[in-house]
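Here are the chains, one letter per residue:
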Amino acid sequence: MTHIFGFERSQLLLLPEAVDDYVGIDNPVRFIDQFVDGLDLTAAGFNRVTPKATGRPGYAPGDLLKLYIYGYLNRVRSSRRLEAECHRNVEVIWLLRTLKPDFKTIADFRSENRTAFKAVFRQFTLLCKDLKLFGRELLAVDGTRIKAVNNKDKNFTRNSLEKFIKAVDERLEEYLKRLDEGDVAEAGTDGSRVKNLAEKIEALRKKRGRYGALLADLEKSGESQISLTDSDSRAMAAHTKVGVGYNIQIAVDAKNKMIVEQEVTNQVVDMGLLTETAEPARAILDVEHIDVVADRGYFKIEDIEACEKAGMTPYVPQPQRGSSVKNGLFRKDEFHYDAARDVYVCPAGEALSRNHESTLHDLKRFHYTNPAACSACPLRVRCTTTANRRQVTRLENEAVLDRVAARLKARPWVLDRRREVVEHPFGSIKQWMYQGAFLTKGLEKVRAEFSLTALAYNFDGPSTSSALGVATTEIRGEMREKRRCAWGAIGKSRANAVSTRPATLIPFLIDQNLCAQSRSPMDMILQG
Ligand code: SF4
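Just so it is clear, the model here is predicted, and its values are computed rather than measured.

Examining the nonpolar core
Ranked by size, the top nonpolar core spans 81 residues in total, and within it Leu139, Val252, Val260, Val292 and Leu455 carry the most contacts. Of the residues forming this core, the biggest block, nine residues, is contributed by helix α16 (residues 443-459). Taken together, domain 1 (19-131 + 449-527) and domain 2 (138-148 + 235-319 + 407-432) each give at least three residues to this core, which thus spans both.

This is how it looks when you write it as C-alpha cells:
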C-alpha cells in the first residue's frame, strides 16, 4: 500500500488554457462579478468611474469593489492581505482578470469611496427584496459593540482626567516635600537623590500638563469622552466589559434573518435609536405597516411614539428600574391604570387619583396618590418606604406604553423570536466571519467597513445561497449544454467554448421569475 502522490512539479500537463476554466460555474465570484458589473457606480458615489483623458490610467473602481466584496466574503479584510490574494488566489486572479493592485491602492480605494459602500449594500438589499427573500412582516432591531483602533488607555472621560490630575497633584506634593527634606539631609553630599527627585517632578509636571490640556479640549468640545487614536470612537459597555469601539445597529427581517438596514454610531447606549434604525428598513421593504421588536435597552417613550407615528408597531419590553424595584416593593406595572376614571388602582384595590404635575426631560408628568388609604393600609410595608403614601407617576403620553404592554401581553412569543432573529447575524459576523476590531479610524470609514461586512453576511446567508443556487443550477445546465455543442459539433478551441457562458446572472434571476418585479439592477440603483 502506498500514499496518494501528486504529479511531479516539472511534469508537463495539459492544463486548461483559460483562467475561466479554473473557476466553477456556480462559484460565488461569478455572482460578485455580475453584481458589480450591474451597478451604476457613479450613482452609488464612487470616484473616477470615468477615467481622466490624460495621465497614467488607474484601476477601475468596479474591479477594486469586486476585490473588497470577495475579501469580506472570505474573511480577508486588510489591504495587504488582499494584495497577497491577487497574486496567489485563482478566484481573485479570475475576478480581477489578473490585475494586481498594490495594498496602498486597495486601502486608498476604501478610504476615498467610504460613503459609497452603503449604497452598494442597499442595492443588494433591493435585489434580495426582488428575490422575495424578505418576509416584510417583522423586523428585529438590535445593537452590538465592535472594537475600534483605540486602546482603553487612550480614552479619557472628564471623571478619569480629573482623577488622574488629582493623583498627579498628590504625588507632586509628596515629591516636593521629600525634595525639601532631601535638600537638608544631603547638604554636603553629591546630591544624587535630590537630582533623581527633581527629574521625577519634572516628568510629573509634563504629565499633568498633558492631562490638563486634554481636559480643556474635552470641555471645549462639549463631549463626554476623548479618544486619542480614533477620535470618533467611544468607551462603551459590552456585557460586563467596557471597551472602546462603535455601536452597530441593525434591523433584521425575520423571514430569513437578513439585514435590511445597518448603521454605525458612536452613541454609547441603544436608547433612542429604534426609529432611526427601523424606519429606513421599513422604507426599503416598501410596506405601509410592519411590526418592530427590540429589547428593553430601546425603551424610550418618545422613540416608541415616533415609531408608531412612522407606521410601525413597536414591541419593546419595559425595563424594571426605579427605587421600588430596588427596594423590593410593588412595581408600577402592578398598579392598573383606569383611563375612564383617570386613576391608578393599587394592589390593595384602592384608587390613587391625580394630585399634582411636574416635568421630566421636557415631558409633562402627573402624580397619583391616596394618602388616606395608604396610612391605614395593611400592605404598606410592601408598597412604600415613605411615612404615609405611595406615589405613582404617569407621563402625559404614557398611553403609548400601555399599548405596547397590551401588545406584548397578547403576543409574548415575539420577544423570543427577536432573540432568535437578530442574534443570528451578530453571532455569524463575530464568530463565523471573524469580525474583530475595525481596521480603519473615523466614523465614516468604519461605516464603509461595516457596510461591506453586512453585505457579505447577506450575500452568504443560507437563504441567499439557496435562491442563487436555484439560478446557478439552471445556469450550470445551460453552460454544460453549450460546452458540449461547442466541443462536439463545432469542434473549436476550449477558449471559444467557455466564452459561451450566460452574459449576466442578475437578468437571469429576474427572467427566471425569482424576482417580484422585473426591474433591472440599473433601475434598482437609480431608485436607491
Ligand atoms: S400603601 Fe397605598 S398604594 Fe400601596 S397598596 Fe396600600 S393603599 Fe395601595
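Notes on the site of the ligand
What surrounds the ligand is the set Cys346, Pro347, Ala348, Glu350, Ala373, Cys374, Cys377, Leu379, Arg380, Cys383, Thr384 and Arg390. A per-class count over the shell around the ligand returns eight nonpolar, one polar and three charged.

Observations regarding the confidence of the model for the protein
A low pLDDT means the predicted coordinates there should not be read in detail. Taken over all residues, the pLDDT of the protein has a mean of 84, while the share at 70 or more is 83%. A low-confidence stretch, residues 486-505 (pLDDT under 50), is modelled with 28 contacts involving residues beyond four sequence positions or located in other chains.

A word on the packing of helix α11 (residues 301-309) against helix α14 (residues 399-410)
Close contact between α11 and α14 brings their axes to 9 Å; oriented N to C, the two are set at 75°. Put simply, α11 runs roughly perpendicular to α14. Across the interface between the two elements, Ile301, Ile304, Glu305 and Glu308 from α11 touch Val400, Leu401 and Val404 from α14. Here the residues of the contact of α11 with α14 sort into five nonpolar, no polar and two charged.

Description of the pairing of strand β6 (residues 258-265)
Across the eight residues of β6, six count as buried, placing the element largely inside the fold. Two elements, strand β5 (residues 241-253) and β6, share seven bridges in a ladder whose sense is antiparallel. In the sheet register, Ile250 faces β6, and the bridge partner there is Gln262. In this structure, the hairpin formed by β5 and β6 is closed by a connection of four residues, where Lys257 is found at a positive phi of approximately 55°.

A few points about unusual backbone geometry
Despite not being glycine, Arg48 shows a phi value in the positive range, around 55°. Phi is positive for Tyr434, which is not a glycine, with a value near 55°. With respect to the secondary-structure elements, Tyr434 resides in the loop between α15 (414-432) and α16. Taking the number of C-beta atoms within 10 Å as the measure of exposure, Tyr434 has 10 and is therefore exposed.

What counts, and at which threshold
Residues numbered from 1 in each chain as written. Predicted model: local features only at pLDDT ≥ 70, side-chain atom pairs only at ≥ 80, totals over all residues. Core = buried A, V, L, I, M, F, W, Y, C linked by C-beta atoms within 7 Å. Buried ≥ 20, exposed ≤ 12 C-beta atoms within 10 Å, placed from the backbone. Helix = DSSP H or I, 4+ residues; strand = E, 2+ residues; numbered from the N terminus. Domains from an automatic or database assignment. Near = placed C-beta within 6 Å. Nonpolar A, V, L, I, M, F, W, Y, C, P; charged D, E, K, R; others polar. pLDDT = per-residue confidence, 0-100. Contact = placed C-beta atoms within 7 Å. Axes fitted to C-alpha atoms, helices over the stretch in contact; angles between N-to-C directions. Parallel < 35°, antiparallel > 145°, perpendicular 65-115°, else oblique. Pairing = 2+ DSSP bridges.

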